[in-house]
Amino acid sequence: MQAIQYPEPLPQHVAIIMDGNGRWAEQRRRPRLFGHKAGADSVREAVETAREVGIRHLTLYAFSTENWQRPGLEVKGLMNLLKNYLRSELDTMRKNGIRLECFGQKDRLPDDVRKMLNRVIIETKDFSKLHLNLCLSYGSRAEMIRAVQEIGRQCEAGELKPEDIDDQLFSNHLYSTGQPDPDLLIRTSGEQRLSNFLLWQLSYAELYFTDIKWPDFRKDQFIAALEEYAGRQRRFGKTGAQTEGVSTA
Ligand code: FPP
């Protein structure tokens, strides 16, 4: 059997803003929750695709700090979907070596969701094939303020001097500590914004926007994003010649 060729280089870490569930449902004259349910199937397919192609870190924006302001029924429906997803995927995660982590304010989640989440986090903590980060009640500004507060407390306690603070130390106080920054950000549904998502970690990420709504973003669309990424030249502030190792001195 011939091995399937995936685009190279592959990003190590992909972050996704999964947008457009509501509009996808409205186009079909169905309730918004119908779109979120289809979106949960796209989540399963994205995780499976990431694992299959060899992406090591996948971060999904599932629920923002602002999403608490949505109608109560929609929030409840999303929380239920999340709990069902965690319950139904635990075996697959074990089988496939997937480690789950949560970025965000876990203490704001309903008790049953938090318990299920903690259970999956603990049961998958030794796996390393794919690191799956679910962002729940997540906001990047809140994440950074939390980091600044922790660092401030350490300075106040004399454990740290302000001049010790650098990029690495700050990164160590974010939810993503120990993981590489995303190489590729994907946002579906035609919107071209960051929406308070990983503002520090996305500093050098390649951005990929597609009009496809999240419930329709399946394996083929994910591979198309990876193909586009493979063709990008990442310069990290250097010249193109420097990046390609061509001497222009
Ligand atoms: C954005 O679409 C999507 C969300 C706010 C929720 C994301 C949730 C899922 C993909 C499903 C459940 C998640 C898991 C992890 C099982 P939107 O509602 O803002 O769409 P709209 O912009 O078209 O209204």
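In case you missed it, the structure is sitting above this.
Scope of this entry: the structure provided in the associated data block. (Residues numbered from 1 in each chain as written. Predicted model: local features only at pLDDT ≥ 70, side-chain atom pairs only at ≥ 80, totals over all residues. Heavy atoms only, no water.)

1. Side note on the sheet that holds strand 6 (residues 206–209)
Taken together, the six strands give an open sheet; going across it, the order is 3-4-2-1-5-6, and neighbouring strands pair in parallel fashion. Looking at which strands have only one partner, the edges of the open sheet turn out to be strand 3 (98–103) and strand 6. The mean inter-strand angle of the sheet, taken between neighbouring strand axes irrespective of direction, is 20 degrees. Alignment of strand 1 (residues 13–17) against strand 5 (residues 184–187), held across four bridges, turns out to be parallel. Of the residues in strand 5, the one forming a bridge with Ile16 is Ile186. Against the sheet, helix 2 (residues 32–53) makes contact with strand 2 (57–64), strand 3 and strand 4 (130–138), and its axis sits at roughly 165 degrees relative to strand 2, the strand it touches most. (Pairing = 2+ DSSP bridges. Helix = DSSP H or I, 4+ residues; strand = E, 2+ residues; numbered from the N terminus. Axes fitted to C-alpha atoms, helices over the stretch in contact; angles between N-to-C directions. Contact = heavy atoms within 4.5 Å.)

2. Digging into the packing of helix 2 against helix 7 (residues 219–230)
At their nearest, the axes of helix 2 and helix 7 sit 9 Å apart, and the two run at 50 degrees to each other. As far as their axial angle goes, helix 7 and helix 2 are oblique. Our pair here, helix 2 against helix 7, has a crossing hand that is right-handed. Across the interface between the two elements, Glu45, Ala46, Thr49, Ala50, Glu52 and Val53 from helix 2 touch Lys219, Phe222, Ile223 and Leu226 from helix 7. (Parallel < 35°, antiparallel > 145°, perpendicular 65-115°, else oblique. Left-handed = near helix turned anticlockwise from the far one by under 90°.)

3. Describing helix 2
Taking 1.5 Å per residue as the helical rise, helix 2 with its 22 residues ought to reach 32 Å, and the 31 Å between its terminal C-alpha atoms agrees with that figure. When helix 2 is considered as a whole, its buried residues turn out to be Gly35, His36, Ala38, Gly39, Ala40, Ser42, Val43, Ala46, Val47, Thr49, Ala50 and Val53. Looking at the buried side of helix 2, the elements it contacts are helix 1 (21–27), strand 2, helix 3 (72–96), strand 3, strand 4 and helix 7. Phi for Gly54, located one or two positions after helix 2, is positive at around 105 degrees. (Expected span 1.5 Å × (residues − 1). Buried < 20%, exposed > 50% of the residue type's maximum accessible area, 1.4 Å probe, protein only.)

4. Quick notes on the site of the ligand
Taken together, 18 residues sit near the ligand, with Asp19, Gly22, Arg23, Arg32 and Arg70 positioned nearest. With respect to the ligand, the backbone of Asn21 contributes an N or O atom lying 3.2 Å from an oxygen atom. Between an oxygen atom of the ligand and a side-chain N or O atom of Arg32, the distance comes to 2.8 Å. In the complex, the protein chains occlude 91% of the 620 Å² of accessible area that the ligand would expose alone. Among the elements of the structure, helix 1, helix 2 and helix 3 are those that each provide at least two residues to the shell around the ligand. Considering each element in turn, the shell around the ligand owes the most residues, five residues, to helix 2. A per-class count over the shell around the ligand returns eight nonpolar, six polar and four charged. (Near = heavy atom within 4 Å. Polar contact = N/O pair within 3.5 Å; in protein donor to acceptor, adjacent residues only side chain to side chain. Areas by Shrake-Rupley, 256 points an atom, 1.4 Å probe, with all protein chains shown as cover. Nonpolar A, V, L, I, M, F, W, Y, C, P; charged D, E, K, R; others polar.)

5. Focus: the pattern of salt bridges
According to the stated counting rule, one finds 21 salt bridges in the structure shown. For Glu206, the salt bridge is made with Arg232, and the minimal N-O distance between the two is 2.9 Å. Taken together, the residues span a long stretch of sequence, with Glu206 in strand 6 and Arg232 in the loop between helix 7 and helix 8 (240–243) at a distance of 26 residues. If you follow the salt bridges from partner to partner, you end up with Asp19, Arg23, Arg187, Glu191 and Arg193 in one network. (Salt bridge = Lys/Arg side-chain N within 4 Å of Asp/Glu carboxyl O.)

6. Overview of the packing of aromatic side chains
Evaluation of the coordinates by the stated rule reveals ten aromatic pairs. Arranged with centres 6.1 Å apart and planes meeting at 85 degrees, the rings of Tyr138 and Phe197 form a pair that is edge-to-face. With Tyr138 in strand 4 and Phe197 in the loop between strand 5 and strand 6, this residue pair connects regions lying 59 residues apart in the sequence. Given a relative accessible area of 0%, Tyr138 falls into the buried group. Assessed through its relative accessible area of 0%, Phe197 is described here as buried. (Phe/Tyr/Trp six-rings, centres within 6.5 Å; stacked < 30°, edge-to-face > 60°.)

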